[in-house]
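The lines below spell out each chain.
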Amino acid sequence: MPRGLLTVIASMFVVGTAVGLPVLLWLLGLIRFGDDILFFVLAEILLVSGLLVVTMRDIIRCGLAMIVCFGALAGIYVLLGAPLVAGAQVLVYIGAISVLVLFAIMLTQTKSAPASLVFQTQAVGAALAAIVLAIVVVIAVAATAWEAAAQRVHTATDELAALLFSDYVLPFEVVSVLLLAAVIGGVFLARREEGGPS
Amino acid sequence: MSDSLEAYLVLSALLFSIGTFGFLARRNAISMLMSIELMLNGVNLAIVAFGAFIPNLARDGSVIALMVMAVAAAEATVGLSIVIAIYRNRKTPLVDEYDAMRR
């Protein structure tokens, strides 16, 4: 079978599952129309792109999948009623950190490195540890009786700003000093030494 | 489903576990930093979910999440600078070849 046809079939299967699963759950009455379907689709995109980040061989594609992952997470923040956090997620993660990571990938990529050896030898143990961690945390979440409200609370941006500049003004200023230190440290560490290796 | 705190906490736990796997299993230093970003995002999702559902934490959760984002940006800057500086000396981004102190 030609490789292009396989790719088409695989992508149709992925898209069909991604669209069909929420529709199926909705028809079964497990999730409601509206926010629930939105949450389900965003969670799917988040988890699939997160898995692609840690499993794909080409590291540039890992970086691009990371952008998709951050975008889906911004959507979930909007769903949670925190639009300012969603905006900051888009600005800081998609706009700044992803671009930084992509530039670092371009600066450190070598043709000579064996691209097939992506994983350490302990990859199987790492997978087991991650699965056990996920199961333990999920059990802990399920076993705890949360005193949670039944409805999400929408966080208005002006209330958030008032809180940020009254109760949290000292951490806010400390963070600005931390960012300054990080900028100076980054420039110092990454600068080229005089007369050193090119 | 989107109105229960548990769903968001389970999602953040899964994202954190994916990041843990990537950090433990990948050989490339930049892949490890990307996995750390995934883990930080999972924690941030849990913080924002707590802020949205626990009445005592309303609004504080968002402020703490913004602080975590700023610290994550600082961490990414310094971490990637260190990777680039090591790459300039050792000519490889693979962490298991940084064995100068073991030989």
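(A) Region of the structure containing the overall build of chain B. Along the backbone of chain B there are three helices and zero strands. The N-to-C order of helical and strand elements in chain B reads α-α-α. For 103 residues, the compact-globule formula gives about 13 Å, and the C-alpha radius of gyration of chain B, at 17 Å, lies well above that figure. Within the span of chain B, comprising 103 residues, buried residues form 59% of the whole. A separation of at least 24 residues holds for 49% of the contacts in chain B among residues at least 6 apart in sequence.

(B) Focus on the overall build of chain A. Each helix and strand counted, chain A has seven helices and zero strands in total. Mapped in sequence order, the helices and strands of chain A form the string α-α-α-α-α-α-α. Taken over the C-alpha trace, chain A has a radius of gyration of 22 Å; the compact-globule value for 198 residues is 16 Å, which it surpasses by more than 25%. Its C-alpha atoms put chain A at 70 × 65 × 30 Å along the principal axes. Put simply, chain A has 198 residues, and 22% of those count as buried. Taking contacts inside chain A between residues at least 6 apart in sequence as the whole, the part at least 24 apart equals 49%.

(C) Seen up close, the interface of chain A and chain B. Listed per partner, the contact involves 80 residues of chain A and 64 residues of chain B. Mapped onto the side of chain A that touches chain B, the elements with two or more residues apiece are α2 (35-55), α3 (59-79), α4 (83-108), α5 (123-143), α6 (157-164) and α7 (169-190) of chain A. Among the elements that take part in the side of chain A that touches chain B, α4(A) stands out by supplying twelve residues, more than any other. By residue class, the composition of the side of chain A that touches chain B is 64 nonpolar, eleven polar and five charged.

(D) Spatial organisation of unusual backbone geometry. Residues and elements named next belong to chain B. The phi torsion at Arg59 lies on the positive side, around 75°, for a residue other than glycine. Counting through the fold element by element, Arg59 comes out in the loop between α2 (29-53) and α3 (60-90). With a phi angle near 60°, Lys91 is a residue other than glycine that sits in the positive phi range. Among the secondary structure elements, Lys91 is positioned in the segment after α3. Residue Lys91 is classed as partly exposed on the basis of its C-beta count, with 13 C-beta atoms lying within 10 Å.

(E) Fine view of the confidence of the model for chain A. Taken residue by residue, chain A gives an average pLDDT of 86. The fraction at 70 or more is 93%. Per-element averaging of pLDDT across chain A places helix α1 (residues 3-27) of chain A at the bottom with 79 and α5(A) at the top with 94.

(F) Expanded view of the packing of helix α1 (residues 5-25) of chain B against α2(B). Residues and elements named next belong to chain B. Across the interface, α1 lies against α2 with an axial gap of 7 Å and an inter-helix angle of 165°. For the element pair α1 / α2, the angle class is roughly antiparallel. In this structure, α1 crosses over α2, and the sense of that crossing is left-handed. Broken down by class, the residue content of the contact of α1 with α2 amounts to 17 nonpolar, eight polar and no charged.

Parameters and conventions
Just so you know, the residues in each chain are numbered from 1, in the order the chain's sequence is written. Think of it this way: whatever chain is written first is A, whatever ligand is written first is 1, and the rest follow in order. Local features in a predicted model are, by the rule used here, given only for residues with pLDDT of at least 70; side-chain atom pairs are given and counted only at 80 or more, and totals for whole chains, interfaces and linings are based on all residues. Secondary structure counts use DSSP, requiring at least four H or I residues in a row for a helix and at least two E residues in a row for a strand, with both numbered from the N terminus. Note on method: radius of gyration uses C-alpha positions; expected globular size equals 2.2 Å times residues raised to 0.38. Labels follow a simple rule on C-beta atoms placed from the backbone: if 20 or more others lie within 10 Å of a residue's own, it is buried; if 12 or fewer, it is exposed; otherwise it is partly exposed. Here, residues touch in the contact sense if the C-beta positions derived from the backbone fall within 7 Å of one another. Polar here means any residue outside two lists: the nonpolar Ala, Val, Leu, Ile, Met, Phe, Trp, Tyr, Cys and Pro, and the charged Asp, Glu, Lys and Arg; Gly therefore counts as polar. Per-residue confidence from the predictor is reported as pLDDT, a score between 0 and 100. The convention used is that axes are lines fitted to C-alpha atoms, helices contributing only their stretch in contact, and that angles between N-to-C directions extend from 0 to 180 degrees. Each angle receives one of four descriptions, namely roughly parallel if under 35 degrees, roughly antiparallel if over 145, roughly perpendicular if within 65 to 115, and oblique otherwise. Definitions for this section: a left-handed crossing has its near helix turned counterclockwise from the far helix by less than a right angle. A right-handed crossing has that turn clockwise.

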